[in-house]
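The chain contents come next:
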Amino acid sequence: DLDGDVVGDDPITRDVDGAEEIILGGSGTFGATTVKAYYADFDNWYWENSYGLSVSYEADALTFTGFARRDSDVLADLTTDRADQDSFGIGVGYDLGGGAALKAGIVDSDWEDDTIFDAGITMTF
């Protein structure tokens, strides 16, 4: 718990009523390829900024996706040995029809130095 610690001249508290964030994002589809990107600028006690990019490609019932994201941590000296947390991932989806799909992905992240795998069925009603 970092509540009460000090970064520079500012005490860390869980009271983030004065926090502000501005997020700009967009996407575009070019044939079978969709590109999405965002940038977020934060004015709070923890984050400085975050940005990411993903690219998806559809081939019949299959969709392949890759992404990269970076989060800048203003409390790096208190929480980790890094000022930037990078995450990279790839995934695949197979459309079963009727709103159901099989999906799987793997992410390598600096957050806790994890590599995470996930697979399952999604349903849209």
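Residues numbered from 1 in each chain as written. Predicted model: local features only at pLDDT ≥ 70, side-chain atom pairs only at ≥ 80, totals over all residues. Heavy atoms only, no water.

**Let's talk about the pattern of salt bridges**
This model, assessed by the stated rule, comprises three salt bridges. The salt bridge partner of Asp-71 is Arg-69, with a shortest N-O separation of 3.0 Å. Across the pair Asp-84 and Arg-70 runs a salt bridge, and its minimum N-O distance is 3.8 Å. You can see Asp-84 sitting in strand S7 (residues 84–97) and its partner Arg-70 sitting in strand S6 (residues 62–73), a full 14 residues away along the chain. (Salt bridge = Lys/Arg side-chain N within 4 Å of Asp/Glu carboxyl O. Helix = DSSP H or I, 4+ residues; strand = E, 2+ residues; numbered from the N terminus.)

**Structural notes on the layout of surface pockets**
Of the volumes computed, that of the largest pocket is approximately 350 Å³. Around the largest pocket, the lining is made up of 23 residues, and of these Thr-63, Thr-65, Val-92, Gly-93 and Lys-103 lie nearest the centre. Among the secondary structure elements, those contributing two or more residues to the lining of the largest pocket are S6, S7 and strand S8 (100–109). Split by residue class, the lining of the largest pocket holds ten nonpolar, nine polar and four charged. (1 Å grid on protein atoms, 1.4 Å probe; cavity = no way out; pocket = protein on both sides within 12 Å on 5 of 7 lines; lining within 4 Å. Points joined across faces, edges and corners; volume = space filled by probe spheres on them. Nonpolar A, V, L, I, M, F, W, Y, C, P; charged D, E, K, R; others polar.)

**Considering the side chain of Ser-72**
Residue placement: Ser-72 occurs in strand S6. A polar atom in the side chain of Ser-72 sits 2.9 Å from the side chain of Asp-84. (Polar contact = N/O pair within 3.5 Å; in protein donor to acceptor, adjacent residues only side chain to side chain.)

**Brief notes about the pairing of S7**
As paired elements, S6 and S7 share eleven bridges and run antiparallel to each other. Residue pairing for S7: Thr-65 is matched across the bridge by Gly-91. Across ten bridges, the pairing between S7 and S8 is antiparallel. Counterpart to Asp-95 in the pairing with S8 is Ala-101. Here S7 folds back onto S8 in antiparallel fashion, the turn holding two residues, of which Gly-98 has a positive phi close to 65 degrees. (Pairing = 2+ DSSP bridges.)

**What to know about the environment of Asp-86**
Summarising the element assignment, Asp-86 is placed in strand S7. Placed 17 residues apart in sequence, Asp-86 and Arg-69 show a C-alpha to C-alpha distance of 5.7 Å. Apart from residues no more than four positions distant in its own chain, Asp-86 is found in contact with Arg-69, Arg-70, Asp-108, Ser-109 and Asp-110. Side-chain polar atoms of Asp-86 contact the side chain of Arg-70, separated by 2.6 Å. (Contact = heavy atoms within 4.5 Å.)

**Considerations on the packing of aromatic side chains**
With the rule as written, the count across this model stands at one aromatic pair. Between Tyr-39 and Tyr-51 the ring centres are 6.4 Å apart and the planes differ by 20 degrees, which places this aromatic pair in the stacked class. Taken together, the residues Tyr-39 in strand S4 (residues 33–43) and Tyr-51 in strand S5 (residues 47–59) connect sequence positions twelve residues apart. On the basis of relative accessible area, Tyr-39 is assigned to the partly exposed category, the value being 36%. (Phe/Tyr/Trp six-rings, centres within 6.5 Å; stacked < 30°, edge-to-face > 60°. Buried < 20%, exposed > 50% of the residue type's maximum accessible area, 1.4 Å probe, protein only.)

**A look at the side chain of Asn-49**
For Asn-49, the location among the structural elements is in strand S5. Assessed through its relative accessible area of 12%, Asn-49 is described here as buried. Once you skip the residues sitting within four places of it in the chain, Asn-49 turns out to touch Tyr-39, Ala-40, Asp-41, Phe-42, Arg-70, Asp-71 and Ser-72.

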